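# Notes for the structure review
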Amino acid sequence: MNDTTRDLRIRPGGPADAPAILGMLDAAVAWMNARGNTEQWGTTPYSQKPGGVARVERYTTENAPYIAELAGTAVGALVLDSGPSPQMPIAPAGEPERYVRLLVSDRRHAGLGVGAALLAHAVEETRRAGVELLRVDCWAGGGGELVAFYESNGFTSTEPFRSGTWPGQVLAQRVG
């Protein structure tokens, strides 16, 4: 753990956090595009995608959002749900689960462990809820870097899937 993650505070999120989450998502799209990745989230800023703002607003009202802060500034967001998005071709687990619906960090703080700290918080929240299974899905293209990130944080790849031409991977972690 570095000095930055030691100063990281994770708190419950809410509707007032939607603009900060949208800002992080827009910056992530720009960052990915600058690296040549236009397949994962496309080229349109998230806040300008049809349904993007409404989706983030729902995340902050209908799900369990958490915000990572450094010195009072939002630097990451995690959204937990009780299962995968109904828009994705992913079957429910068949047992109680928590599902990471969103994980994003402020690109200005990349490499400082914000995402890993939020995933560790997801594990704690899953365990606290008395649930033994935590799952996430992610983009599996681009050489699998995102899949490798989740695996380095204790997840195991389970089933691959496709949403249209978008390659995805479901990962799971037993926390009980």
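Keep in mind it's a predicted model, so treat the numbers as computed, not measured.

Moving on: the nonpolar core. Core analysis: the largest hydrophobic core is formed by 22 residues, its most contacted members being Leu 78, Val 100, Leu 134 and Tyr 150. For this core, the elements supplying multiple residues, two or more each, are strand 2 (64-70), strand 3 (73-81), strand 4 (98-105), helix 4 (114-128), strand 5 (133-139) and helix 5 (145-152). The leading source of residues in this core is helix 4, at five residues. Setting aside chain neighbours within four positions, we find Leu 78 in contact with Ala 64, Pro 65, Tyr 66, Val 100, Leu 102, Leu 103, Leu 118 and Ala 122.

Let us now look at the confidence of the model for the protein chain. Model confidence for the protein chain is summarised by a mean pLDDT of 93, while 97% of its residues fall at 70 or above. In the model of the protein chain, helix 1 (residues 3-6) stands out as the element of lowest mean pLDDT, 56, in contrast to strand 1 (residues 9-12), which has the highest, 98.

In this section: the pairing of strand 5. On any regular strand, side chains alternate: one points to one face of the sheet, the next to the other face. Summarising burial for strand 5: seven of the seven residues are buried, a large majority. Each parallel crossover has a hand, and for strand 4 linked through helix 4 to strand 5 it is right-handed. Across seven bridges, strand 5 lies against strand 7 (residues 166-174) in antiparallel orientation. Looking at the pairing, Leu 133 lines up with Arg 174 of strand 7.

This part is about the side chain of Ser 85. Relative to the helices and strands, Ser 85 resides in the loop between strand 3 and strand 4. Within the structure, the side chain of Ser 85 is placed 2.9 Å from the side chain of Gln 87, a separation counted as a polar contact.

Attention now moves to the packing of helix 2 (residues 18-34) against helix 3 (residues 52-62). Packing of helix 2 against helix 3 brings their axes to within 9 Å, and their N-to-C directions diverge by 130°. Classed by the angle they form, the pair helix 2 and helix 3 counts as oblique. Both helix 2 and helix 3 take part in a crossing whose hand is right-handed. Across from Ala 18, Ile 21, Leu 22 and Leu 25 in helix 2, the residues of helix 3 making contact are Gly 52, Val 53, Val 56, Glu 57 and Thr 60. Split into classes, the residues belonging to the contact of helix 2 with helix 3 amount to six nonpolar, two polar and one charged.

Among the secondary structure elements, Asp 137 is positioned in strand 5. For Asp 137, which is buried and forms no salt bridge, the nearest opposite charge comes from Arg 101, at a distance of 6.6 Å. A distance of 2.8 Å separates a polar atom in the side chain of Asp 137 from a polar atom in the side chain of Tyr 99. Excluding its chain neighbours within four sequence positions, the residues that come into contact with Asp 137 are Met 88, Ile 90, Tyr 99, Phe 161, Gln 169 and Val 170.

This part takes up unusual backbone geometry. You will see that Ala 71, though not glycine, has its phi angle at about 50°, which is positive. Note on placement: Ala 71 falls in the loop between strand 2 and strand 3.

Criteria and cut-off values
- Residues numbered from 1 in each chain as written.
- Predicted model: local features only at pLDDT ≥ 70, side-chain atom pairs only at ≥ 80, totals over all residues.
- Heavy atoms only, no water.
- Core = buried A, V, L, I, M, F, W, Y, C linked by side-chain atoms within 4.5 Å.
- Buried < 20%, exposed > 50% of the residue type's maximum accessible area, 1.4 Å probe, protein only.
- Helix = DSSP H or I, 4+ residues; strand = E, 2+ residues; numbered from the N terminus.
- Contact = heavy atoms within 4.5 Å.
- pLDDT = per-residue confidence, 0-100.
- Right-handed = clockwise from strand over helix to strand, strands pointing away.
- Pairing = 2+ DSSP bridges.
- Polar contact = N/O pair within 3.5 Å; in protein donor to acceptor, adjacent residues only side chain to side chain.
- Axes fitted to C-alpha atoms, helices over the stretch in contact; angles between N-to-C directions.
- Parallel < 35°, antiparallel > 145°, perpendicular 65-115°, else oblique.
- Left-handed = near helix turned anticlockwise from the far one by under 90°.
- Nonpolar A, V, L, I, M, F, W, Y, C, P; charged D, E, K, R; others polar.
- Lys, Arg positive; Asp, Glu negative; His and termini not counted.
- Salt bridge = Lys/Arg side-chain N within 4 Å of Asp/Glu carboxyl O.

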